[in-house]
Amino acid sequence: MTTITTLPTDGDDTVSISLNPTNTISDINPLIYGGFLEHMGRCIYTGIHDPTNPNAHLIDSAGNRKDVLSCLKDELRVPVVRYPGGNFVASYRWQDGIGPKDQRPVRPELAWGGIEPNTFGTDEFMAWCKDVGAEPYLCLNMGTGTLEDALAWLEYCNGDKGTYYAELRRKNGHEKPYNVKYWALGNEMWGPWQVEQHSKEDYAKKAIQWAKALKLLDPTITLILCGKDGYSDWDRYVLQHTLRYIDMHSIHYYSLGNSHCENISSVYGAERAIQICSSLIDLARCEFSLDAFPDVDLISTKPQTATRPTICLDEWNIWDPTRAPGSTGAEEHYTLSDALAVGVWLNVFIRNARELGMCTIAQSVNVIAPLMTTENGVWRQTTYFPLLLFSKYMRGRSVAVHVRSPVHTGKTMPEWVGSTCVVPKLDVSAAVSEGWVSVVVVNSDEEVGYEVELDGVRVAEGQVPEVFIVGGDGFEASDRNNEGGEKVSIREGSWDGKSNKFTFQRLSLTMLRWKL
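Going along each chain's sequence as written, the residues are numbered from 1 onward. Owing to the predicted nature of the model, reporting of local features is limited to residues with pLDDT of at least 70; listing and counting of side-chain atom pairs is limited to 80 or more, with chain, interface and lining totals taken over all residues. Excluded from the side-chain calculations are hydrogens and water; all other atoms, namely the structure's heavy atoms, are used.

## Thoughts on helix α1 (residues 66-75)
Under the convention used in this document: Think of it in three bands: residues with accessible area under 20% of the maximum for their type are buried, residues over 50% are exposed, and the middle band is partly exposed, with areas taken using a 1.4 Å probe on protein chains only. Think of it this way: any DSSP run of H or I at least four residues long counts as a helix, any run of E at least two long counts as a strand, and we number them from the N terminus.
Where α1 is concerned, the buried positions are D67, V68, L69, C71 and L72. Of the residues flanking the end of α1, it is R77, one or two places downstream, whose phi is positive at about 50°.

Structure, rendered in structure tokens:
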């Protein structure tokens, strides 16, 4: 883990970062760089799928955007994609999205108040994932959907025998099974905005029955339980009652803030959520309660969990619903402050790599997204560039780091963060992979660049050959990109490494990379 020491008040203002690349914490699961597509706003239609676009050179034979495919495959290297929601899934009939497109029904969409044409469905998504090189991750409808629907979808995707839904897939032109590994047991089932909101007791009982049946049909799948924010009583209860049957526990967390300090501090609430949720998983493994099922012998008193479940943070991002309402497409316009907050988010993932089995940013295209489409092409939001650097370089194993940093003292979001967590002005993570060390430092101070003593930078050729900077001197926290230009991007350079001191510019994300 990263240890933070705040600067003392005795006049010693030395800021430092110490690490030893051999002192590693955990493997970094590459699935933490996952994406998410929901039938919401312009995410699917005109986002990834745009067959009516007049610019034919942008569209492939399946009607998908080639420029979006390139960004997600070649630049962000997205390893897994969650689909089709999100709130959308709670009234989605997967059967509507298969077969001849001209015979698919048009349905009212209840989550976001739209109309769903169903011209992009299961088979189109599977083909798209194959083109991107990403694993599909499907979320089951536990709102209006039934267990029979869920089993049918699993059979359609993974069945390899001569059964009804496997044959229906073949009839639709797809001989081989898709072998979808990741399946979520509903989305935000606790939410009052959901179609068929559940109590924690009802959801736990239902999740057990669904999980048992789904794994009877295909015991190789990975099931993801529907959690809340990681630190609620819902999380505690459903984990204690279902742990034997699930493989990951999903939590959702969006950071936000009206000021730069609030924006940065909000991410530390997510880090605490991960840590608390990890404790709840351990608590559930130690104490498997039967209180919710006094008359039904569904579970044993000793959990059969040889493998410890991990956390699936399958909705995370910066989102202010009042600034970008979901009902109007949730097209956030991100700032440099937001890019630095995403940098802190990704540092959190590296620091807590042991706990995380998957993370999928919500969402990948147009809807609260790092990538935006127009009729004529794509443009990258400020938040795109931290994702690009992390996905490309922050792999392998997480490295323990000690940071001595000044801290933010302004108002935090939520307020409890300020009295619970240290909010450092320098946020750091490190990774080692294939003989390379990568260190990311986010300096969120709006005014001060810090000259930092670096202990542990021992390079093979006398210099740090790769330095990448997003933001920094000459930029303001409110700077944005747009269709007309990407003001905030990545600047590249090097550092001679002769001194052990490096200046991290104000309002910057800096990555240093060197060979051991």
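## Remarks on the side chain of S405
Operational definition: Polar contacts, as used here, are pairs of N or O atoms within 3.5 Å; protein pairs need one atom able to donate a hydrogen and one able to accept it. Residues neighboring in sequence count only if both atoms are side-chain atoms.
Structurally, S405 can be placed in strand β15 (residues 397-405). The buried category is assigned to S405, whose relative accessible area is 0%. Separated by 3.5 Å, the side chain of S405 and the backbone nitrogen of K425 make a polar contact. Of note is the side chain of S405, whose polar atom sits 3.2 Å from the backbone nitrogen of L426.

## Thoughts on the pattern of salt bridges
For clarity, the cut-off: Within this document, salt bridges are pairs made up of a side-chain nitrogen of Lys or Arg and a carboxyl oxygen of Asp or Glu, the two lying within 4 Å of each other.
Under the criterion given, the structure shown has 29 salt bridges. A salt bridge links K200 to E201; the shortest N-O distance between them is 3.5 Å. A residue is classified by how much of its surface remains accessible, and E201, at 33% relative accessible area, is partly exposed. The network of salt bridges with common partners includes K200, E201, D233 and R236.

## A word on unusual backbone geometry
A cis geometry characterises the amide bond from A362 onward to Q363, with omega recorded as -5°. By secondary structure assignment, the location of Q363 is in the loop between β12 (356-361) and β13 (371-374). At the junction of M413 and P414, the peptide bond is cis and its omega measures out at -10° in the coordinates. Looking at where P414 falls in the secondary structure, it is placed in the loop between β15 and α10 (416-420). Here A330, not a glycine, exhibits a phi torsion of approximately 50°, which is positive. Looking at the secondary structure, you find A330 in the loop between β11 (310-318) and α8 (336-351).

## Comments concerning the environment of S444
For the record, the criterion: Contacts were defined at the residue level, with two residues in contact if any of their heavy atoms lie within 4.5 Å.
Within the fold, S444 resides in the loop between β17 (436-443) and β18 (450-455). On the basis of relative accessibility, which here comes to 2%, the residue S444 falls in the buried class. For the pair S444 and L509, spaced 65 residues apart in sequence, the C-alpha to C-alpha distance is 8.3 Å. S444 has contacts with H260, I264, L340, H408, P424, K425 and L507, leaving out every residue within four places of it along the chain. A distance of 2.8 Å separates a polar atom in the side chain of S444 from a polar atom in the side chain of H408.

## Notes on the confidence of the model for the chain
To keep things clear, this is the line we draw: The pLDDT value tells you how sure the predictor is about a given residue, anywhere from 0 up to 100.
Of all residues in the chain, 94% attain a pLDDT of 70 or more, and the chain-wide mean is 93. Below pLDDT 50 for its whole length, residues 296-301 participates in 18 contacts with residues either more than four positions away or in separate chains.

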